[in-house]
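# Examination of the molecular architecture
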Amino acid sequence: LPAVKSGVAGAMTMEKVTEYNDATSYNNFYEFGTDKDDPYRNAKTLRTAPWTVEIEGLVKKPARYAIEDLLKLGAQEERIYRLRCVEGWSMVIPWVGYSLSKLVERVEPLGGAKFVEFVTLADSRTMPGVGSRVLDWPYVEGLRMDEAMHPLTLLSFGMYGEVLPNQNGAPVRLVVPWKYGFKSAKSLVKIRFTDREPKTAWNKAAANEYGFYSNVNPNVDHPRWSQATERRIGEDGLFAKKRKTLMFNGYEAQVGQLYAGMDLKKNY
Amino acid sequence: MPAGRAFMHPLAKPALFVLALLPLAWLVWGAAADKLGANPAEYLERSLGDWTLRFLCLTLAVTPLRVITGTAALARFRRMLGLFVYFYAALHLLAYAWFDMGFDLAEIAKDIPKRPFILVGFLAFVLLTPLAATSFNRAVKALGARRWQALHRLVYLVAGLAILHFFWMRAGKNDFAEVAVYAAILALLLGWRLVQAVRKRRGPGAAAARRA
């Protein structure tokens, strides 16, 4: 998947990139099972062609994009982002895609559109985890409009210079680098513009643990995991102390102003 | 009985000892050879927890199996299995303190009360400690069989805490399938004891009266 280096501020961290094998064999994608090697083992069955993404809700131009057309909607950029999982591990991943704002501008949201909802495919024939009672399918995520419009918010089609492997959310996914990984919904089939805060999957499953915002924040702990530190996969050896987690995953300079005046302990 | 005779073989205990060390050997080899996946620290911590729970189930299965199958020789292995519960629990705690907390005792002291599932797991380990410490023959004699047995009934509480620890850990992922398996096994093993105790209290006379 050809791409040019991104010029967006903060989009090219100089940190060591995680090994491809680690990034593609260790992640959460509950549609394929709850263990972190399940996506790698089970996602072969996912069919990514043909694929369409429906744009609906409060927009002037609702549309149904074939993945081929969506790919060409913006210039593909390479962006190297830190990824911080809510479970306390992190990676550095070179994604390929373009700012979600390009698509948002194209479909012209109406004045009443305050939030964007992202819906993942839920096909029990190709996704063995769908049908388990762990989450309420389909997987739904959401962003506030200003978050969706932020240049760092990426609509991603590839990683490591290739098209996305199935287990990482092929053929198109969201990447929001300053939020915990589960906010970055995978294998998108629907993007819906709404006037109210979307009911997101993990928030529905455990509201006291997973808030709507879920910004990376070392000062607000998860009840089961301290969020102050993280283990960088493939880099922090067994006996190395875990590294400190940065506010907004190190993207405070770029996104801090989105949350000016908000109590982030309450809006976790 | 052939199984009983095999259990009485002088090599039976050493064989069990070696078997019980195999999980640890695999983990040490896997860590050294980088075979434990992308997050070896997590793999080690979870595996050591899994093996603690498995040895706990095995230990608690000894008496029911001995009684139901009438294989008295099984009792020979109970102490060793129980000590392996403690052994794997200690390694599980060590892995947490080392890999997760970098042996920062101040951080650990803050972490234990802050997170209920860690508190419960830690409590289970603390309660196992006097059992491990009184496992040798002289301790049994010094305490007296009755008091020794009362003390060692703490293991039932430990089983409950261990399941709670596992349940709370998995609650964050909403994934209780494995927890349910261990909970069912432990419930069966403890339930059997409960039934035995009730029968004993009613006494053989009561049982005979029921049959009549």
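- Chain B appears in an unreviewed UniProt entry as Protein-methionine-sulfoxide reductase heme-binding subunit MsrQ from Ramlibacter lithotrophicus.
- As its UniProt record puts it under Sequence similarities (unreviewed entry), chain B is described as follows: "Belongs to the MsrQ family."
- As its UniProt record puts it under Subunit (unreviewed entry), chain B is described as follows: "Heterodimer of a catalytic subunit (MsrP) and a heme-binding subunit (MsrQ)."

- An unreviewed UniProt entry annotates chain A as Protein-methionine-sulfoxide reductase catalytic subunit MsrP originating from Ramlibacter lithotrophicus.
- Under the Subunit (unreviewed entry) heading, UniProt states for chain A: "Heterodimer of a catalytic subunit (MsrP) and a heme-binding subunit (MsrQ)."

### Details of the nonpolar core
- Membership of the largest hydrophobic core comes to 65 residues, with the highest contact counts inside it found for Phe118, Leu174 and Leu188 of chain A.
- It is strand β5 (residues 89-99) of chain A that provides the largest number of residues to this core, a total of six residues.
- Contact partners of leucine 188 of chain A, with chain neighbours within four places excluded, come to Val53, Phe118, Val119, Thr120, Val172, Arg173 and Leu174 of chain A.
- Of all hydrophobic cores here, the second largest spans 33 residues; its members include Ala41, Leu93, Val120 and Val158 of chain B.

### Things to note about the interface of chain B and chain A
- Taken residue by residue, the interface counts 17 residues in chain B and 21 residues in chain A.
- For the side of chain B that touches chain A, the elements supplying multiple residues, two or more each, are α3 (40-69) and α4 (78-100) of chain B.
- Looking at the side of chain B that touches chain A residue by residue, the classes come out as eight nonpolar, five polar and four charged.

### Thoughts on the UniProt feature "binding site: Mo-molybdopterin" (unreviewed entry) in chain A
Residue and element names in this part refer to chain A.
- In the numbering used here, UniProt assigns the "binding site: Mo-molybdopterin" (unreviewed entry) feature to Asn27, Tyr30, Glu31, Cys85, Thr120, Asn168, Arg173, Ser184, Ala185 and Lys186.
- Residue placement: asparagine 27 occurs in the loop between α1 (20-25) and α2 (38-42).
- Since 24 C-beta atoms lie within 10 Å of it, asparagine 27 is described here as buried.
- Other than its neighbours up to four places away in sequence, asparagine 27 contacts Lys36, Pro39, Gln167 and Asn168.
- By the secondary structure assignment, threonine 120 is in strand β6 (residues 115-120).

Conventions we followed
- Residues numbered from 1 in each chain as written.
- Chains lettered and ligands numbered in written order.
- Predicted model: local features only at pLDDT ≥ 70, side-chain atom pairs only at ≥ 80, totals over all residues.
- UniProt positions renumbered as here; feature names shortened; annotations may be inferred.
- Core = buried A, V, L, I, M, F, W, Y, C linked by C-beta atoms within 7 Å.
- Buried ≥ 20, exposed ≤ 12 C-beta atoms within 10 Å, placed from the backbone.
- Helix = DSSP H or I, 4+ residues; strand = E, 2+ residues; numbered from the N terminus.
- Contact = placed C-beta atoms within 7 Å.
- Nonpolar A, V, L, I, M, F, W, Y, C, P; charged D, E, K, R; others polar.

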